[in-house]
Structures are given as C-alpha cells and as structure tokens.
Amino acid sequence: MQKQNDSRFATDSIPHLILSLSTPAIAAQLINALYNVVDRIYIGRIPEVGTLAFTGVSVTFPIIMIVSAFAALIGYGGAPLASIRMGEGKLEEAEQMLGNCFAMLCTVSVLLTTILFLFQTPLLLLFGASADTLPFAQGYLNIYLWGTLGVQISLGMNSFISAQGFAKTAMGTVCIGAALNILLDPILIFGFGMGVRGAALATILSQMVSAVWVLKFLLSERGKLRLQRKYLRIRPAIAASALALGLSPFIMQSTESLVQISFNKSLQAYGGDLYVGAMGIMSSIMQFFMMPIQGFAQGAQPIISYNYGAQNFSRVKAAIRYMTIFCVGGATLFWIITIFFPAIPVRLFSNDPAVVTLACSTMRIFFLGMLLMGFQMAFQQSFIALGQAKVSILIAVLRKLVLLIPLVLLLPQIISPKTMAVIIAEPIADATAATTCCILFAIKYKKLLCQPPKNERETDSTT
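These remarks concern the structure in this document.

Parameters at a glance
The numbering scheme is per chain: residues are counted from 1 as the chain's sequence reads. Confidence filtering applies because this is a predicted model: local features only for residues at pLDDT of at least 70, side-chain atom pairs given and counted only at 80 or more, and all residues used for totals across whole chains, interfaces and linings. Side-chain metrics in this entry use all non-hydrogen atoms of the structure; hydrogen atoms and water are not considered. Three labels apply to residues, based on accessible area from a 1.4 Å probe with only protein chains included: buried if under 20% of the type maximum, exposed if over 50%, partly exposed otherwise in between. Helix and strand assignments come from DSSP, with helices taken as H or I runs of at least 4 residues and strands as E runs of at least 2, each series counted from the N terminus. For this analysis, residues touch if any pair of their heavy atoms sits within 4.5 Å. One speaks of a salt bridge when a side-chain nitrogen belonging to Lys or Arg is within 4 Å of a carboxyl oxygen belonging to Asp or Glu. Think of a nonpolar core as a cluster: buried Ala, Val, Leu, Ile, Met, Phe, Trp, Tyr and Cys residues, connected wherever their side-chain atoms sit within 4.5 Å. Each aromatic pair joins two rings of Phe, Tyr and Trp (for Trp, the six-membered one) with centres within 6.5 Å, and gets the label stacked for planes under 30 degrees apart, edge-to-face for over 60, and tilted for any other angle. Charges are assigned to positions over rings by a cutoff of 6 Å between ring centre and Lys NZ or Arg CZ, combined with an angular limit of 35 degrees from the ring normal. Helix axes are fitted only over the stretch in contact, all axes being lines through C-alpha atoms; the angle between N-to-C directions runs from 0 to 180 degrees. An angle below 35 degrees is read as roughly parallel, one above 145 as roughly antiparallel, one from 65 to 115 as roughly perpendicular, and any other as oblique. Helix crossings get a hand from a simple test, with the near helix turned counterclockwise from the far one by less than a right angle marking a left-handed crossing and a clockwise turn marking a right-handed one.

This part is about helix H7 (residues 148-156). For H7, the tally of buried residues reaches seven of nine residues, placing the bulk of the element in the interior. Within H7, burial applies to Thr148, Gly150, Val151, Gln152, Ile153, Ser154 and Gly156. If you follow the buried residues of H7, they end up packed against helix H4 (61-87), helix H5 (91-126), helix H6 (134-144), helix H8 (158-163), helix H9 (167-191) and helix H10 (196-218).

Structure representation (structure tokens):
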C-alpha cells in the first residue's frame, strides 16, 4: 500500500493528486474547525449566563492555542522532513524522526500541563478576563488542561499519517474526535448541568479517543513509517532539525495567543466585555474559514516534500502552482461571505442582539485583508514543505509580531474611535504581510527549484 502511495507522489496527475489528498484534509480541517467552535456555540446558549460564559471561554483561547502550537512545532516540523527522507529513500531516518517527535510531544505535554496549571489565573487576567468572566474561564481550563497529552498526540502525530499519503486515515482522526465532541457537548453542558466544565470534558475525552486512533495506526504495519521503541528517545540533532522547521507554524499559532491578548486587553479597556465577546466571535469565524485553506496546503505538502527529496522539480513546481490556485480561490469565497453576508456566520455563535450587531459591523473591516491570505498560506506552506526554515520563520514573525501586535497597541493612540482603531489593525497587517510573502517567494522560487535541495536543506535545518 505504501509503495502505491510513493508511486502516486511521483507519477499521478498533480491536480488529481492534490485533490485526492486535500479533499480529506479539507474535510478534516472543516470538521476540526467545527470541533473547536462547537463548544462556544453551545456555551453561548447557556440560559442567563450565555454571553458571559462565551466571553470567559474566549479568554482561554490563547492558552488553548499555546497547547496546539507546541504540537505544530514538533509535528509540522518533523512530518515534512520525514516526507523528504522518504523521497530520498532513507526510511530509517524517517522513522527516527517519527520516534523523536513522539518523545518530544510526551515531554512537552507534562511540562505544559504543570506550568499552565500553576499560572492559569494570572495568565487569564493578562488575556483579558474580568471579574465576571474569570470563573467561567477557570472552570473550562481546569478540566481542559488534563487533556494536554491527548491534544499533543492527536494533533502532532497525525501529521506523520498525512505525510505518508494516508489523507483519509488522517481525516478519520479528526472525524472521530469531532463526532464524539458534538455528541457529548449537549449531554454534558445541558443534560448534566456542567456548563463550561462539561464543554471542556467533552473536548478532552474526544481528543484522547483521537490520540488512540493515531497511535493504533502508527504502531501497525499499514504505513511505511512505524513508531518503534528503539527510536523513542530525543536525539539533539534530529530534534533540532524538526524544531527549526516547525518554528514557523509554532510562531503562527503561539503568537495567536499574543494577538488575542493584545486584542482582548485593548478592547476590554476601550469597549468592555461586549467588544471582547465580539472579537471572540470574529476569531472563531476566522479560524473556521482559514482551516479549509490550510487543508489545501496540507494536501499538497507531501507531494512537494517527496518530489523535492527525489529532485523532481517539475512536479514540485506544478504542485505549488495548483496549491496556490486552490488556496486563493478558497480565500476569495470566504472573503465574499464575511464582507457581504456577515450575519450568516455571526448568528452561529450568539443570538444576543447587541453582540450580533457589533460583530457584523466590525467584521466587514476585520476581514478586509483576507483576500490576500490565500497567497501567503500557499507560499508559506511551500517554504515549509521545501525544508526552508529561515524564510518561513521570517514570514510567520512578520505578520503578527512585527505588524499586528504593535498596530493594535499604537493605532488607538492616533485614531478614534479607539475600538475601531484596534479592529483596522488586522487588515493592515494581513495585506502587508501577504504582499511581503509574495515578493519573497518570487525572489526565492527560481533559486530553490533549480539547485539540488540537499545542501541548502541541510544548511537551513541546522539554523
């Protein structure tokens, strides 16, 4: 079966191959987005306290993103390198990468759980919790953190299933967890009267089941890569190469926490809980819409990495070209929805008239730059698939750390109303970062695909 996957990477029609791999990935991303927002949909409808509960859980979003960011740091860094090694015919090195990443994920899970339990209250206050919303945030997080190991394994190790071309199996990881989460949410939230604690319990139970699914596959003989005991130790050289490449998706996800802090703190100061709640809705919508686009990019990643390792540059170029078309098309569709029909997604999260009105009026501005994000996501994923750590890190840092967070803090000092100044920081940062990414890709494209990949990749992976 795995030999057939390898042959497909090297010989099948690129558009057909991308669609066959990305369709399950897109479905998984959509389901994963639903998985992540379904808690908030139910929580927003808790009688009497729904709006406060929703805002409180929204405040935990930065911490949840930190947990998933570490899974991306290790899984999204190691999986493309494993694909490249398979393209080079170095199966043992690919399995060493798999084992090292699993060991790192387990170690990180223990550390994250301990640290976040110790410092959760000051972190939640830092992220914008008020006296009214803090109890809901703590109630959710106190249960969610016990599932950190399941989150790390289900998210981080699932990348290695996709890297081998088993897109449907990888989709199954998400589908099983999402279906269980959707089933358990109303039972635990309303049936058992657990409120936000029930939502958190439903999430961690679902993630643990997904983790078992992933491990069952990686321990079986279905794929080419197997999780073996002899490789379950952290080797510095292997770990460094995975972490260097994974730093870009880690920055993209972990800095989402910093972005959320900046938005929540600024909007809490200038607008109060109502604006923080509206931002929670817009963040959830962005997460929901961007994940299918990520699915296109993830579907193309094994094709790019495998053929780059095999030095089949014509197929690499074709895969990048079609991936870009798919990503930009998806971004355009979602831009149209958010700009012209904002009430459709907003009403999924709240039926509070004040929150709905505010979210609809602000998201037309908030999502203006989304039209260009399809280009950035396609090109940034291309850099990661090609093993180009430094450039992908630069792009990840630029949008959020260099542009968005400073703009959120500075624009209210020079533009009124201050709440609107906070909102317009998003489209300015999106457009600037996407344009810069396109320019960098145009400069690097010819150089990357006209030289043997080995030397540059080895140099880049050690940075």
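Enumeration according to the criterion identifies four salt bridges in this entry. The salt bridge involving Arg399 is made with Glu426; its shortest N-O contact spans 2.7 Å. A residue pair is termed long-range when its members are at least 10 positions apart, and Arg399 in helix H17 (residues 389-410) and Glu426 in helix H18 (residues 418-448) qualify at 27 residues. For Arg399, a relative accessible area of 9% corresponds to the buried category. Two residues, Asp430 and Arg399, come together in a salt bridge whose shortest N-O distance is 2.7 Å. A residue pair is termed long-range when its members are at least 10 positions apart, and Asp430 in helix H18 and Arg399 in helix H17 qualify at 31 residues. Arg399 matches Asp430 in its accessibility class, with the two residues each being buried.

As a further point, take the nonpolar core. The nonpolar side chains of a soluble globular protein tend to be buried with one another. Ranked by internal contacts, the top residues of the largest apolar core, which has 142 residues, are Ile43, Met157, Ile304 and Phe367. In terms of residues, this core owes the most to one element, helix H12 (residues 273-309), which gives 17 residues. Non-local contacts of Phe367, meaning those with residues more than four positions away in its chain, are made with Met282, Ile285, Met286, Trp335, Thr338 and Ile339.

The residue Asn307 is located in helix H12 in this model. The residues touching Asn307, leaving out its near neighbours within four places in the chain, are Phe9, Ala10, Asn312, Arg315 and Val316.

Counted under the stated rule, the structure contains twelve aromatic pairs. If you follow Lys418 out to its NZ or CZ, it ends over the ring of Tyr270, 5.8 Å from the centre.

For the rest of this paragraph, the subject is the packing of H5 against H6. One can describe the packing of H5 onto H6 by two numbers: an axis separation of 11 Å at closest approach and a directional angle of 150°. By the criterion of interaxial angle, the relationship of H5 to H6 is roughly antiparallel. You can see that H5 and H6 cross each other, and the crossing is right-handed. Residue-level inspection shows Phe117, Gln120, Thr121, Leu124 and Leu125 of H5 in contact with H6, the latter providing Leu134, Ala137, Gln138, Leu141 and Asn142.

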